[in-house]
Amino acid sequence: MEKRRYHPANMLFAIVKTIRGWIIPLIIVFFFNNTDGWGSYAKYGILGIILLSIIGSILKWFTDQYTADERAFHLYSGIFSKSSRTVPYEKIQNVTKHTNILHRLLRLTAIKFETGSKEKAVDFQVLTKEEASRLEQLTKEDVQEQAAVQDTEIKGDELEEEDAVSEQTVPHTETKIIHFKPTKKELIRASFTSLSFLLVPPLLISFLLKFDIFFDWSELRQYLPLLKVWWITAFGLIGIIVVSLLVGMWRVVQKYGNYELKSDDTYIYIQTGLLSESAFSIRKDRVQGIEITQPILHRLLGLAKVKLISTGSLDISEETETINSLYPYFSLKQAQTMIAEILPEYEVQHSMERLEQKVLLYRLLQPSTIWLGVTITLYFWRPEVLGFEIKWWIVSIVLLILIEGYRYMDFKHTSYLISDKFFQIKTGALTTTLFVTKRNKMIEIARNQNPLQRWLKLATIESINRAKPVLHNKLKDLPASEADRFYVWYRQRTNDVRKQ
Amino acid sequence: MHTQVKEPQHKLSKESLRVGLIGDVIFDVVVLLIFAVLFGLDFIFEWPAWIGTILLILLIISVPLLIIGYLGTVINHRNWRYDIDEEYVQLRQGAWFQKDQLIPVTKIQSVETKQGPLLRRYKLREVEIETMAGEYSIPGLPEKEAYALRDQIAAYAKAKEEDD
């Protein structure tokens, strides 16, 4: 197999990145520093660093190579000490593509193959779109072939999972179904519910406060009477509101204007971004779990955010959103149907078990360290705000009520379900999170019990899932008998795992 | 089919308790030495009086803590349990704060045995299991047992390739 160099534009991107990283020190050294003393040295120092890293990236382009055969990536790197790395396609957990504005101008893209929680991903930062789709196709074809021959082949643990069965029986088809693409109306609704337009007035004010070097506040005073003319004030206010709405809409459109959720038999595809595009694809059986979160506002509006838990990390660069999330402005119901459509193996149950009433009492009676700390500090310190002494006991009582309220809400929302093959827990006081995973996707479990829990016949259970970083989900204070059931249930996990 | 939770049976060896206690003694000696040095410095350089008082208070607090430390070592040792079968590694720690862990052998990535100078003195070894989620260790097993355990885990975990 012929080794290939990476795309030459990698050098350009590396140079741009270096300059962007050092631009602020460079400006400081060149414009805000007189040539006396260390300033001139710093100048040369920084220029030297930039030059070195540019030379480094050019050398790197000359030395680094890759090949992709029908089974694995082979990566060769190193300027002085050479190293080579082989990454079999079957290790790939998910694929993210990202095209920022510079990529777009040059008709290029970036692609990243995530391999697992502890290993480095196979990352192509710049390459042509054709090459990207060629590589992506290669990795996917291999997996399908593997699935087909798997019965006879005793190899590859990934294939231990039961999902592999469905893969064999259903032949892979190329037809992708589009499950969701926001319409204009939905985008407008989203821009209102996102509330990002509320950001504008504070930004405007902070802008005014920061840039008063360009004008004098006292000079403005003569214009103040103008505000008394009602239509000027009205126009001003309307202007601000319109600008806010437009900005809010722009933010939503930029993110979700191009949003698409697709799937075929084996994969889920998510695409987002207007100016800089991101695309994410994951094999269905590589989904480690689902997380449905509802911050307080979402709950009031009946909306929900859905996240697919995957082993690889999802950020392809700092500026991209986590694109493993589905469209965040789904109504809860819509979100649930969407999950049922794209991941038919997952069943999200609605009726879940609650904690016992005694748990509420147990939790309310626990001493709160925050409350104790604040109360004791205030008792001795007694600070004054605006000339008034703050009554320590008022603060203390208010804080206690808040803390107990928080605990009550958390108790109210906490529920769990240990069903045939699924484990479901819901927690959270203000933001509720419902986590659903399959028994065979949990890589470990734990059970804890403290003396008080033992006395009350309670226990804490913990599920551990693959993710980057590893995902721990704890459920506190469920009946000890249920914790035992959880333990036994997990022991029977071997039933859903295909043995080799 | 509702089987009872099978509790892990294997205990740690008696020698490992001795090793734990010796470790405690060494730790205590180091702590007391630090105190001695501080008191010495306090005496020689005539530090302000409050430093001496604080040192004294710290010493008084730490003595019972050190004694509780021995008790903790004994209790922890007594309540440590582990078990291994073809499918799971089961660990249990703690008496008051009890922690149970259930790890499928297929998720084990590596097993190794380790030995420090104290463990070597008593011909003990520590078995360390690395999984996708983290590392677990079974401290202080007699060498033979440790090797046997390592080989057993390795054999059970062998069928599967590394998952991650």
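Basis of the calculations
- Residues numbered from 1 in each chain as written.
- Chains lettered and ligands numbered in written order.
- Predicted model: local features only at pLDDT ≥ 70, side-chain atom pairs only at ≥ 80, totals over all residues.
- Heavy atoms only, no water.
- Phe/Tyr/Trp six-rings, centres within 6.5 Å; stacked < 30°, edge-to-face > 60°.
- Helix = DSSP H or I, 4+ residues; strand = E, 2+ residues; numbered from the N terminus.
- Buried < 20%, exposed > 50% of the residue type's maximum accessible area, 1.4 Å probe, protein only.
- 1 Å grid on protein atoms, 1.4 Å probe; cavity = no way out; pocket = protein on both sides within 12 Å on 5 of 7 lines; lining within 4 Å.
- Points joined across faces, edges and corners; volume = space filled by probe spheres on them.
- Salt bridge = Lys/Arg side-chain N within 4 Å of Asp/Glu carboxyl O.
- Axes fitted to C-alpha atoms, helices over the stretch in contact; angles between N-to-C directions.
- Parallel < 35°, antiparallel > 145°, perpendicular 65-115°, else oblique.
- Contact = heavy atoms within 4.5 Å.
- pLDDT = per-residue confidence, 0-100.
- Polar contact = N/O pair within 3.5 Å; in protein donor to acceptor, adjacent residues only side chain to side chain.

### Some details on the packing of aromatic side chains
All names here are of chain A.
- On inspection of all chains with the given rule, the structure shows 27 aromatic pairs over all chains.
- Between Tyr 6 and Phe 124, the aromatic rings sit 5.7 Å apart at their centres with planes inclined by 45 degrees, giving tilted as the arrangement. With a gap of 118 residues between them, Tyr 6 in the loop between β1 (4–5) and α1 (9–31) and Phe 124 in strand β7 (residues 122–128) connect regions that are remote in the sequence.
- Owing to a relative accessible area of 17%, Tyr 6 belongs among the buried residues under this scheme.

### Observations regarding the layout of surface pockets
All names here are of chain A.
- By volume, the second largest pocket is sized at about 510 Å³.
- Lining the second largest pocket we find 18 residues, and of these Arg 363, Gln 366, Asp 410, Lys 476 and Asp 477 sit closest to its centre.
- Those elements that place two or more of their residues in the lining of the second largest pocket are α12 (357–364), α14 (392–413) and β23 (471–479).
- Considering every element that reaches the lining of the second largest pocket, the biggest residue donor is β23, with four residues.

### Overview of the pattern of salt bridges
Residues and elements named next belong to chain A.
- According to the stated counting rule, one finds 24 salt bridges over all chains in the structure shown.
- The partner of Arg 4 in a salt bridge is Glu 131, with the nearest N and O atoms 3.1 Å apart. Of the two residues, Arg 4 sits in strand β1 while Glu 131 sits in helix α4 (residues 129–149), which places them 127 residues apart along the sequence.
- Owing to a relative accessible area of 35%, Arg 4 belongs among the partly exposed residues under this scheme.
- Taking the relative accessible area as the measure of exposure, Glu 131 reaches 9% and is therefore buried.
- One salt bridge connects Arg 363 with Asp 477, and the closest N-O pair in it is separated by 2.8 Å. Separated by 114 residues along the polypeptide, Arg 363 in helix α12 and Asp 477 in strand β23 bring together distant segments of the chain. The pair Arg 363 / Asp 477 is uniform in exposure class, with both members buried.

### Quick look at the packing of helix α13 (residues 369–381) of chain A against α14 of chain A
Residue and element names in this part refer to chain A.
- Contact pair α13 / α14: the axes reach a minimum separation of 9 Å and the direction vectors enclose 170 degrees. Put simply, α13 runs roughly antiparallel to α14. The segment α13 lies against α14, with Ile 370, Trp 371, Val 374, Thr 375, Leu 378 and Tyr 379 engaging Trp 392, Val 395, Ser 396, Leu 399, Leu 400 and Ile 403.

### Considerations on the confidence of the model for chain B
- Scored by pLDDT, chain B has a mean of 86; 93% of the residues are at 70 or more.
- Reported confidence for the predicted complex is 0.82 by ipTM and 0.79 by pTM.

### Some thoughts on the side chain of Thr 113 of chain B
Residues and elements named next belong to chain B.
- Mapping Thr 113 onto the fold places it in strand β4 (residues 108–114).
- Within the local environment of Thr 113, its side chain forms a polar contact with the side chain of Arg 125, the two groups lying 3.0 Å apart.
- Residue contacts for Thr 113: discarding those within four places in its chain leaves Arg 125, Glu 126, Val 127, Ala 146, Tyr 147 and Arg 150.

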